[in-house]
Each structure stands twice: as structure tokens, then as C-alpha cells.
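Geometric and topological summary
So the chains spell out like this:
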Amino acid sequence: MRKGALLSGAALLAVVTAGAAMAVLADGGTEAAAPATERVAATAVITRQDLLDTKTVTGALTYSGRRDLTTGAAGTVTWVPEDGAVVRRGRPLLKVDRRPVTLMYGRLPLYRPLSRGVSDGPDVEQLERNLRALGYGEDLTVDEHFDYATHLAVRKWQDNRGLTETGRVDDTQVVFLPSAVKVIDVKVVVGGRTAPGRQVLAVSDLNRLVRLDLDAGDQTLAEKGAKVTVELPDGAKAAGRITGVGTVAKQAAERTYIEVEITLAKDPKTRLDQAPVEVELVSERRENVLAVPVEALLALREGGFGVEVVEGSGTRLAPVKVGAFGSGMVEITGDGLGEGMKVGVPEG
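Residues numbered from 1 in each chain as written. Predicted model: local features only at pLDDT ≥ 70, side-chain atom pairs only at ≥ 80, totals over all residues. Heavy atoms only, no water.

Observations concerning the overall build of the chain
Quick reminder of the rule: By definition, any uninterrupted DSSP run of H or I lasting at least four residues is a helix, any uninterrupted run of E lasting at least two residues is a strand, and each is numbered from the N terminus. Any residue under 20% of the maximum accessible area for its type is buried, any over 50% is exposed, and the rest in between are partly exposed; the area is computed with a 1.4 Å probe on protein chains only. By definition, residues are in contact when any of their heavy atoms lie within 4.5 Å. All accessible areas in this document rest on Shrake-Rupley with a 1.4 Å probe, and a residue is counted as covered only by the protein chains that are shown.
Helix and strand counts for the chain stand at three helices and 22 strands. The buried share of the chain, taken over its 348 residues, is 43%. Here the contacts in the chain between residues at least 6 apart in sequence split such that 67% fall between residues at least 24 apart. Accessible area of the chain: about 18,100 Å², with a carbon and sulfur share of 49%.

As C-alpha cells, this is what we get:
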């Protein structure tokens, strides 16, 4: 629910009910009332502070960079990772006919077989960089040329992986991805068949983020770089920052929204994917203003609001202009009001 402007409407209705009897002290006017003979039962202090007007929306804690993987392998699936497993460079993504399909790091997909005689290219350099990182590049020069040293390094790698030593690398053996991945969905089963181009796994990056669908009317709340507070599934609060804001409005179930991504400052302990979270977005910041608890407001008969100022052994009703709301407080301005003054609030 909207805190601030939206939440305050409901809160003020409650204030009107609770404070209506006290508001008659104004006797239909806006002049201060005569001091009462008794002090109010409970008081709060007028403070000078910053107020944040916020709105809380529901999002989902998930992982970034989801992608569906295919390979060129064909045959019987003999091993798959568990959901949630992390696969790093040199480790198998799955095995087909007991032969591993290995993860290597790189942004360029393996779009052609690599062996001696291929033309120079960045895909060759990408392969050589991985071979060296995996310990097969003692005599290897990392460049765009597939030479005899590269051929020998590939054969040594194939031997250690239980593959036929051909010196040729293709998409039945290797998948290139930018970094380590987390398995979020296994799309094949052990004993099942797979074929070139068939989806075998869904994976994601290891970075945690929050995604939310924000109503298009609230898009001004989602400013890239803005700080937010996220309430995690266990109730803990986490700091975050908006790192992505959709530029195209989408529509679903008669609702128009934009997609927003939030990066957390620290990785949460929970490993849950798609877990619901609450995100507090700041819609307005008011600095160095006078503020009182919302329940200190009283409804005036002629309209507007006032506060009951405690002075000595009595009180007076002071009309106020209401400003921003935030964290149960409300900004007020009015004649004769200052920091440190006490105002009446409902007892309890």
C-alpha cells in the first residue's frame, strides 16, 4: 500500500474519527482556543527532520542473466546437474553418452568447429585463453591463430576429459558463456534423448537482484541509480539500488507496467529463486521540516487540520498546513509552531 500521499488518506480518516470531539475546541473558526483546564493525557514533540514519502511495491528476488542452453550433442543423457548447482569453467554442464559438454568462458558462441586450418579469429583466441586457464597452455601463444601448439593443447584436454583425441573442438564438446552459471531448470532427464538444438538447461548468472513490475503511472519513482530498501522473505531489510528501468511499457491483465531491476548491496543468505519481497521506493524527500506523528492531527470543522499545542497547564488548537508524509510522521507548517513544542496525541 502507498505510504505517504496514498496511505495518508486512510490514516487521516482515522484521525478525523479519533479527533473530531477535540476539534470542536476551534468553535468553527481558525483562531486559537482558550486554554483547557486540564492537560492532555499523552503528548509528542514537534521535531525538525527529513521526511521521505514512500511507496511499497511487491517484487521478486531472483538471479540475473537467465538464458536457455542448447548444444550440438546428440544421444542419451547420462548425467545432469541438480537444480541450483553452480557450474564453473572446465566443469560439465551435462553428459551425453558419458561424454561431457564442458563450460568455457567467453562472450562469443562456438559458431564453427575449431581445428588446424581454420581461419584466424577471436573464437580461436577465446578457446586458447580457456585452455591456458585450465592448465593446458604451457607452450601455447594466446592469439587468433590455431597452430600446432593449440592442436596439442586441445588433444591433451580431450584426453583428460575422456573425449576422442581429435584436436578439433565443436559444440558437442563445449559451450561458451561469459562466466560461471547457476542451474535454475534442467530440461532433460537421465536416460532421455537429446539432439542438436534442443534446450537442455536454463541457467543464470550468480548475481542476485530484485525484479518488479511497476505501474506505468508510478514510473517517476524508478530513477536509475536511486537507493531503495528491500524487505526479504525472512523479514530482514537490505539496501539496494535501481540499476535497470524498462523503456517500453508492457500490458497484462488490463495493467500497464514497466520492468525495474534492483541490485542489492549484499548477497542475501536465502537461496530462494522468485521469492516475493517488498520494495520501498522514495517518491519525495523533504529536508529539515517540522513534523509530528500523524495521529496528532485533528480535523477542523471548517476544513483542514490542526494540532493541540500544550502550553504550561493548558492547550491551544493551532491550525496547520499538512505537507509530506513518511514513516508515520507528517510535515506541518503554521504560525507559532517550533521545534521542541509538545502536541497532544491519542493515549496509548
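Overview of the sheet that holds strand E7 (residues 99-105)
Under the convention used in this document: Two strands qualify as a pair provided DSSP detects at least 2 bridges between them. Here an axis means a line fitted to C-alpha atoms, over the contact stretch when the element is a helix, while the angle between two N-to-C directions is reported on a 0 to 180 degree scale.
Pairing is mixed in the open sheet, where five strands are placed in the order E8-E7-E6-E4-E10. Of all the strands in the sheet, just strand E8 (174-177) and strand E10 (193-194) have a single pairing partner and so form its edges. One ladder, built from four bridges, connects strand E6 (residues 92-96) with E7; its direction is antiparallel. Bridge pairing in E7 places Val 96 opposite Arg 99. Here helix H2 (residues 122-133) sits on the sheet in contact with E7 and E8, set at roughly 105° to E7.

Digging into the packing of H2 against helix H3 (residues 148-160)
To keep it simple, the criterion reads: Orientation categories follow fixed angle ranges, with anything under 35 degrees roughly parallel, anything over 145 roughly antiparallel, 65 to 115 roughly perpendicular, and all other angles oblique. The crossing is said to be left-handed when, going from far helix to near helix, the turn is anticlockwise and less than a right angle, and right-handed when the turn is clockwise. Residue type decides the class: Asp, Glu, Lys and Arg count as charged, Ala, Val, Leu, Ile, Met, Phe, Trp, Tyr, Cys and Pro as nonpolar, and the leftover types, Gly among them, as polar.
Two numbers describe how H2 lies on H3: the axes approach to 11 Å, and their chain directions differ by 55°. With respect to H3, the axis of H2 lies oblique. Between H2 and H3 lies a crossing whose hand is left-handed. Facing H2, whose interface residues are Leu 127, Glu 128 and Leu 131, H3 presents Thr 150, Ala 153, Val 154 and Trp 157. Looking at side-chain class alone, the contact of H2 with H3 contains five nonpolar, one polar and one charged residues.

A closer look at the environment of Asp 213
Structurally, the position occupied by Asp 213 is in strand E12 (residues 208-215). Residue Asp 213 is classed as partly exposed on the basis of its relative accessible area of 36%. Put simply, Asp 213 and Glu 261 are 48 residues apart on the chain and 9.1 Å apart in space, counted from C-alpha to C-alpha.

Focus: the side chain of Arg 112
Our working definition: By the criterion applied in these results, polar contacts are pairs of N or O atoms within 3.5 Å in which, for protein atoms, one can donate a hydrogen and the other can accept it, and in which residues neighboring in sequence qualify only through two side-chain atoms.
Structurally, Arg 112 can be placed in the loop between E7 and H2. Among the polar contacts listed, one links the side chain of Arg 112 to the side chain of Asp 123, at a separation of 2.6 Å.

Examining H2
As a reminder, the rule being used: Helix span, expected: 1.5 Å multiplied by one less than the number of residues in the helix.
Here H2 is 12 residues long and its end C-alpha atoms lie 17 Å apart, about the 16 Å a rise of 1.5 Å per residue gives. Taken as a whole, H2 has its buried residues at Asp 123, Val 124, Gln 126, Leu 127, Glu 128, Asn 130 and Leu 131. Of the surrounding secondary structure, the elements contacted by the buried residues of H2 are E7, H3 and E8. Positive backbone phi, approximately 95°, marks Gly 135, located one or two places after H2.

Description of the environment of Val 322
Examined against the element boundaries, Val 322 turns out to sit in strand E20 (residues 314-326). As a C-alpha pair, Val 322 and Ile 332 span 10 residues in sequence and 4.9 Å in three-dimensional space. Setting aside chain neighbours within four positions, we find Val 322 in contact with Leu 297, Phe 305, Val 330 and Glu 331.

Here we look at the confidence of the model for the chain
Worth spelling out the cut-off: pLDDT runs from 0 to 100 and stands for how confident the predictor is about each residue.
Looking at the chain as a whole, its pLDDT mean stands at 87, while 89% of the residues score no less than 70. Across residues 1-37, confidence stays below pLDDT 50; counting only partners more than four residues off in sequence or on other chains, it has 60 contacts.

A closer look at the sheet that holds strand E11 (residues 199-204)
Taken together, four strands build an open sheet; the order of strands is E3-E11-E9-E5 and the sheet is antiparallel. The open sheet has two edge strands with one neighbour each: strand E3 (67-70) and strand E5 (86-87). Bridging between E3 and E11 involves four bridges; their strand directions are antiparallel. Following the sheet pairing, Asp 68 is matched in E11 by Ala 202.

What about the environment of Glu 311?
With respect to the helices and strands, Glu 311 occurs in strand E19 (residues 305-311). Of the residues examined, Glu 311 reaches a relative accessible area of 42% and is grouped as partly exposed. Separated by 32 residues in sequence, Glu 311 and Val 343 place their C-alpha atoms 9.0 Å apart.

Let's talk about the pairing of strand E17 (residues 275-293)
When strand E2 (residues 47-63) meets E17, the two strands line up antiparallel, connected through 14 bridges. Directly across from Gln 49, in E17, lies its bridge partner Val 289. Of the strand pairs in this sheet, E17 and strand E21 (residues 329-333) are connected by three bridges, and their pairing is antiparallel. Each residue of the ladder has a partner; that of Val 292, found in E21, is Val 330.

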